[in-house]
Each structure stands twice: as C-alpha cells, then as structure tokens.
Amino acid sequence: MKLGGYANRIGHVDLTAWTVENKPIREEWARKYIGARGLGVRYLLQNGPDVDPLSPDNLLCFMNGPLTGTAATMSGRLAVVTKSPLTGTATDSHQGGWSAARLRWAGFDGLVIRGRADKPAYLYVSDDTVEIRDASDVWGQGVHDTVAHFRAKYGEKDLTVIAIGPAGENQVRFSAWINENDRAAGRGGTGCVGGSKNLKAIVVKAKKVLPQPADKDAWKPAHQRALKTIMDPGNVTAPNKGGLSVYGTNVLMNITNTMGALPTNNSQTTSFGEGGEKISGEYVREHMLVEEPTCHACPVACKKMVEVKDGPFKGVRMESFEYEPAWSLGANCGNDDANSIAKMIDLANDHGFDAIEIGGILSAYMEATERGLAGDNGLAWGDVPGMIATIEQTVRREGIGDVLANGIEPTATHFGAPETGMHVKNQGLPAYDPRGMKGMGLAYATSNRGACHLRAYTPASELGLIPMKTDPLAWKGKGDLVKLMQDLHAFSDSLDLCKFSAFAEGAEEYAQQYSAIVGVPFTVDDVLQTGERIYNLERRYNNLAGFGEGADTLPKRYTSEASTMKGSEGHVCELNDMLKEYYTARGWTDGGVVPDEKLAELGVT
C-alpha cells in the first residue's frame, strides 16, 4: 500500500478453526474509509448485514486509525466494531488508555475476528504476531482479576489487557470490553459478541515505538497547531485550566441540571434539583478525587480516579466517575449518593457492562414499580441496595435480571409499559434531555448505532463550548448542525482521535495531521466528504439490515410531554420538523433511507 502511517497489517482470526492470517489493507478502502470506525464498518458490510449478531459468522473488529499510537495529541483511541446484539445495527464503541497505541506498536492496524472457539480463548498479540491461547483459567472471573492474572503471567510493563467479565460471558446484551480495569468500549454490546465467541481477552505486549509520519516536514507544523489549540487557555481542554481537564466530563452535571436538560427519574422531569450538586464534578473533586490519570499522548487528563473514603463502600477506588454513568446511576434513578455511584460504576467495569445502559434499564424498572406494574418485588427510586442486588441478578441472568439483561425495550415491554423505555433502537438515551437540548434529540434519533450523544455532540455548540454556538431551545438549523457534526466525528473516529479533540480542533487540524501522516494532500472538504461517506456507509448497512422508513424516532415522552423545570419549561422536542431539515441536508428519502444516487455520488462501494 502506498499510503504512509499504516502498519498495513490486519490480523484475521478464525476462532472456530483456531487460525490466524495476517493480511494487508485494501488501499481503496483505506483511502475511502480511513481506519478504525470507517474501515471496521466496511468489513462488516463485506461480511453481510443479515448476520445474527451472536452467531459465529458475525465479525468482531478491534480497529486502529492511521494516527493511532503516533505523537498526535489525543491519539489513544481504539474502535470495537461489530453488528450489535442490542440494537441490530452496525456499531462501533471506542476506548481510551493505551490499548490502541500498544496494538499499533505491536504491528497491527486491527484484528478482524470471526467464528466461535470450542473452549475459552484469548488472543496474545506481540511483535507482528497474533496467537490464540487457552483462557480456561480466567473464564468466569471479573475484569479486575483477569487483568491481574495476565499481569502476573506476562509482566505489567508494556502490557495491555482488554477483557470481558461475567456479563459478556452470560451474553448480557449491553456488555462491554474493558481495558486497564476502567476504560470501557461501553455501548452496543460488543462484549456480548465476545462472549458468544468464547473470547475472554486480548492481551497486547508491545514497547513504545511511535509510527513516523510519511511527510515529516508537514508533520511538525500540523502537530504544533493541533497541540496549541488543545492547550489554549480559552478551551475546555486546556490542562489544569479548562473545565474538562479540571473536573473531567462530569463538569457538565451542574450545567445541564440548571438549564433543565438533565433527564431525571427516567426522564419524567428535566432537573435533579439540589441532588445534581451532590453527584457533580465539583463535588467529586472536593470529596473523592485521589489521582488524575491520562491516556496515550493526552495532556488533558480528563480521567478522575476517585476513592470512597467512608460509609458502606469505603475503599472502592476507580477512575470512571464520568458524567454519563454518574447521571445514569444518579439523577436518572433518583440517587444522589456519589459513593454508591462509584461502587456501581466499579461493578460495571468489573462485570464488564455499559454503565450508561444499566441506569436506563433500572429507571424503567423503577417507573414500572412506581406505577404498580412490578408486583411485590419492585425497585424504588434511589434504593441503592436494591439497585446493586438487581445489577448482580442482571449480570447472572437470574430472576428479573434475565429480562433486564436484554435491554430497555424488553424491560419496559415486560412490565406492560413500553412507553417508559427511554431508548432508540433499544439503546438507552444518554444524559441530555432533548426538551432542553433540541439538537441532541435529533442526533439521538438519527444516530446509526441507536441513541448516542457521540455521533453528533451538539452540546459543544448548544452549550457554547465551540465558536459555532447555537440556542439549545431552538430547533431551526439543527438539521444542518447535526449533519455537520456527524460527518466530522465520523472522520475523527476513523483517525482514531479522542472525541474531546473536537472541543478545540476542527476539520483543518484533522486534515493537516492526516495528510502529514499518510503523505497525501487532504483538505477540509476532503475531511467532510470522507466523514459523509462513512456515515452513509453505516446508514446503508442499517438499511440493508432492516432499518428502513421511519426508523429515526424518539420516545414520545420527549416529543409530547413538555418539560416542567426551569430552563426548559414548556418545551418539547420538535423531532419531525428537524428530521425534514436533516433529510434534506443529507439527500436521503423522507424516511431516512439512502438513495442509490447518493451512494454513487459519495463512492460508497
């Protein structure tokens, strides 16, 4: 392949045959779909969209981009790509830390895994080689013990362990891959696919060897420009100054709570009142913070290691007290106890499941209880012991947990109240209420992987975090905004750069860095067209998988039940109006299907 930057090596693993074959990347695919998210979905399309997500024929891809593991700032992201057992769509879920960089340093742009092992297995990756090894010794163990086992076996230095826990083994539909104990590829049930394949872990041993840019003269100014924007004191990414660096992602809790955009008690209201402060980033920094770890090549250090210092959960120490899970297990469930939230997030990381999804499931269960639909063994708002017990049941698929393990839609339907399921395509809505942030509602509905805040992170605009500022309560113009952000993020997810880079960097910075790494000219227009191509590729896959006209929806609660809270009082989400704008901007049919002419225009092949 003529492009620089790539290892030009994908490990193709057949677990059924217990074989591995290294193959180069098709240069046409690399040019059109870049890597990570985009390239992973192209492998999915080649494999066919009709595949059962839990069959041996489904692909499970661990993918890097051309910037992964380089000196590029915030280039430590890994994309896990598969057909989701939760949503039935193509999905990609990203994790930080050092797993991506080490996979690249070991000589791989990705791993494409198919089949089902006849016994528990793990992959050992090092020095341009992938080996399939027996994982019987760690099957049944949590992520933390699995990481400890492999560190003892191979040494902690230069080692990454990406693992599933009991949730993945038991095929909980929203289970996740976790690396370094606390870094989750959380959404879409990628860990469930691993469990269906009897794949317990991927262990990578690799020393730091930064890939070099193809155009070194162009790389220096491109890198310096990108780094300067990240370090700019006026941006939220500024180390030790910007809100993201100081408080982590949970800097948002008090903001959304005050503006009436924080879904509370299963989105029955849009603010948690005084409870929001008790689970906020400011509270965590003052009462729980013990360390501020970071990821490969990242000066921002948004991760916040916390420790519970008193009470029944004293001694719990974990680094994923993020905004989304803090909301999911906090305000969304009527729980203002930060210590218990830390405990439950740690359970999510150890058992290996999505800490966002579980809160949406528990809150649907709580509303069913409130309505008298759950019988004698319901779950009350803020019942921490009950929440923990229910989580354990769900991981083991015992009792009511066997229902909850399948997601929000089956849970709400089980109780005879499907309208209480706050989801899109069975993936739970994240921590921004569409009545207080209209663009986010459109982004949820049109996301190609089910409800998602990261396909188009409109809060960057609607909260005024970037120069392109918009009114969160206005719906007009949000169709164009969502399309632009979806395309830009599709490109950065394929590089693969951290999503938070977009709080400072834009298409110009992305174009310059990509061009210098791979050694070909690339413009802002190229960035946006490539992102658009990737987004349409995903939509094409989903259309072929059965998501046709009318699949872009929101729960009626957001479109018909007005907010009663200060900041968004009286507002609903005008989804239908925004969809008209959006489909026009996309050049799709009014029902969200990609026409053949659009595919041809973008060169989606």
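Residues numbered from 1 in each chain as written. Predicted model: local features only at pLDDT ≥ 70, side-chain atom pairs only at ≥ 80, totals over all residues. Heavy atoms only, no water.

## Some thoughts on helix 14 (residues 355–370)
Operational definition: The secondary structure listing takes helices from DSSP runs of H or I that are at least 4 residues long and strands from runs of E that are at least 2 residues long, numbered from the N terminus. The span you would expect from a helix comes to 1.5 Å times its residue count less one. What qualifies as a polar contact is a pair of N or O atoms within 3.5 Å, subject to a donor-acceptor requirement within protein and to the restriction that residues adjacent in sequence count only when both atoms come from side chains.
Relative to the 22 Å expected for 16 residues at 1.5 Å per residue, helix 14 spans 23 Å between its end C-alpha atoms, a close match to the ideal helical length. Between the side-chain oxygen of the N-cap and the backbone nitrogen of isoleucine 356 there are 2.9 Å, and the N-cap of helix 14 in question is aspartate 354. One or two steps after helix 14, the chain reaches glycine 372, where phi turns positive at roughly 80°.

## Brief notes about empty space enclosed by the protein
Operational definition: A pocket, in this scheme, is an open set of points on a 1 Å grid over the protein atoms alone with protein on both sides within 12 Å along at least 5 of 7 lines, while a cavity is a set where a 1.4 Å probe fits but cannot get out; residues line either one if an atom lies within 4 Å of a point. Grid points are joined across faces, edges and corners, and a volume is the space filled by probe spheres set on the points. Note on residue classes: Ala, Val, Leu, Ile, Met, Phe, Trp, Tyr, Cys and Pro are nonpolar, Asp, Glu, Lys and Arg are charged, and everything else, Gly too, is polar.
Enumeration according to the criterion identifies 4 cavities of 30 Å³ or more in this entry. Empty space within the largest cavity amounts to approximately 80 Å³. As for the largest cavity, its lining consists of 13 residues, of which Trp327, Asn332, Gly360, Met422 and Leu429 are closest to the centre. Among the residues making up the lining of the largest cavity, the classes are represented as 7 nonpolar, 6 polar and no charged. What the second largest cavity holds in volume is close to 50 Å³. Around the second largest cavity, the lining residues are Lys425, Ser447, Asn448, Arg539, Asn542, Asn543, Phe547, Gly548, Ala551, Asp552, Gly591 and Gly592.

## Focus: the packing of aromatic side chains
Where two aromatic rings form a pair, the distance of their centres and the angle of their planes describe that pair. Where we set the bar: The pairing test for Phe, Tyr and Trp rings, Trp by its six-membered ring, is centres within 6.5 Å, and the orientation test on the planes gives stacked under 30 degrees, edge-to-face over 60, and tilted for anything in between. Relative accessible area decides the class of each residue, using a 1.4 Å probe on protein chains only: under 20% of the type maximum gives buried, over 50% gives exposed, and in between gives partly exposed. Criterion for a charge above a ring: Lys NZ or Arg CZ within 6 Å of the ring centre, and within 35 degrees of the ring normal.
Here the structure, examined in full by the defined rule, presents 17 aromatic pairs. Consider the rings of tyrosine 457 and phenylalanine 503, whose centres lie 5.7 Å apart with planes at 65°: the pair is edge-to-face. Taken together, the residues span a long stretch of sequence, with tyrosine 457 in the loop between helix 18 (438–446) and helix 19 (459–462) and phenylalanine 503 in the loop between helix 20 (478–495) and helix 21 (507–518) at a distance of 46 residues. Like phenylalanine 503, tyrosine 457 is buried. Three or more aromatic residues joined by ring pairs make a cluster, and in this case those are Tyr323, Tyr432, Tyr457, Phe500 and Phe503. Its guanidinium or amino end placed over the ring of phenylalanine 108, arginine 9 lies 5.9 Å from that ring's centre, counting from NZ or CZ.

## Remarks on the sheet that holds strand 13 (residues 289–291)
Applicable threshold: Pairing between two strands is assigned when DSSP locates at least 2 bridges connecting them.
The antiparallel open sheet is built from 3 strands, whose spatial order is 13-14-15. For this open sheet the edge positions go to strand 13 and strand 15 (317–318), each flanked by a neighbour on one side alone. In the sheet, strand 13 pairs with strand 14 (residues 305–307) via 2 bridges, with the strands oriented antiparallel. Bridge pairing links leucine 289 to valine 306 in strand 14.

## What about the nonpolar core?
Keep this limit in mind: Here the nonpolar core consists of buried residues drawn from Ala, Val, Leu, Ile, Met, Phe, Trp, Tyr and Cys, with membership extended through side-chain atoms lying within 4.5 Å. Throughout, a contact is declared for two residues whenever any of their heavy atoms are within 4.5 Å.
One finds Tyr43, Phe321, Leu362 and Tyr514 to be the most contacted residues of the largest nonpolar core, which totals 144 residues. Considering each element in turn, this core owes the most residues, 8 residues, to helix 14. Those residues in contact with tyrosine 514, other than ones at most four positions away along the chain, are Leu3, Tyr6, Ala30, Ile34, Pro66, Leu67, Phe491, Leu495, Gly519, Val520 and Phe522. Membership of the second largest hydrophobic core comes to 29 residues, among which are Val13, Leu15, Leu78 and Val130.

## Points about the pattern of salt bridges
The line we're drawing: Throughout this description, the term salt bridge denotes a Lys or Arg side-chain nitrogen within 4 Å of a carboxyl oxygen of Asp or Glu.
In this structure the tally under the stated criterion is 42 salt bridges. Here arginine 31 ties to glutamate 27 by a salt bridge, and the two come within 2.9 Å at their closest N and O atoms. In this pair, arginine 31 and glutamate 27 are both assigned in helix 1 (residues 27–33), 4 residues apart and thus about one turn of the helix distant. Residue class for arginine 31 comes out partly exposed when judged on its relative accessible area of 38%. For lysine 598, the salt bridge identified is with glutamate 532, shortest N-O distance 3.6 Å. Here lysine 598, found in helix 25 (residues 596–602), pairs with glutamate 532, found in helix 22 (residues 524–544); they are 66 residues apart in sequence, far enough to count as distant. Residue lysine 598 shares its accessibility class with glutamate 532, and that shared class is buried.

## Quick look at unusual backbone geometry
Backbone torsion omega between leucine 495 and aspartate 496 reads 5°, so that peptide bond is classified as cis. Along the chain, aspartate 496 falls in the loop between helix 20 and helix 21. The backbone phi angle of alanine 36 is positive, close to 45°, even though this residue is not glycine. Of note, alanine 36 is situated in helix 2 (residues 36–47). Phi is positive for aspartate 127, which is not a glycine, with a value near 50°. Among the structural elements, aspartate 127 can be located in the loop between strand 7 (121–126) and strand 8 (129–134).

## A look at the packing of helix 20 against helix 21
Applicable threshold: Each axis is a line fitted through C-alpha atoms, taken for helices only over the stretch in contact, and angles between the N-to-C directions span 0 to 180 degrees. Oblique is the label for any angle not covered by the other classes, which are roughly parallel (under 35 degrees), roughly antiparallel (over 145) and roughly perpendicular (65 to 115). Two helices cross in a left-handed way if the nearer one is turned anticlockwise from the farther one by less than a right angle. They cross in a right-handed way if the turn is clockwise.
The interhelical angle for the contact between helix 20 and helix 21, taken along N-to-C directions, is 30°, at an axis separation of 11 Å. Classified by the angle between their axes, helix 20 and helix 21 sit roughly parallel to one another. Pair helix 20 / helix 21 crosses with left-handed handedness. Where helix 20 approaches helix 21, its residues Leu488, Phe491, Ser492 and Leu495 are matched on the opposing element by Ala507, Tyr510 and Tyr514.

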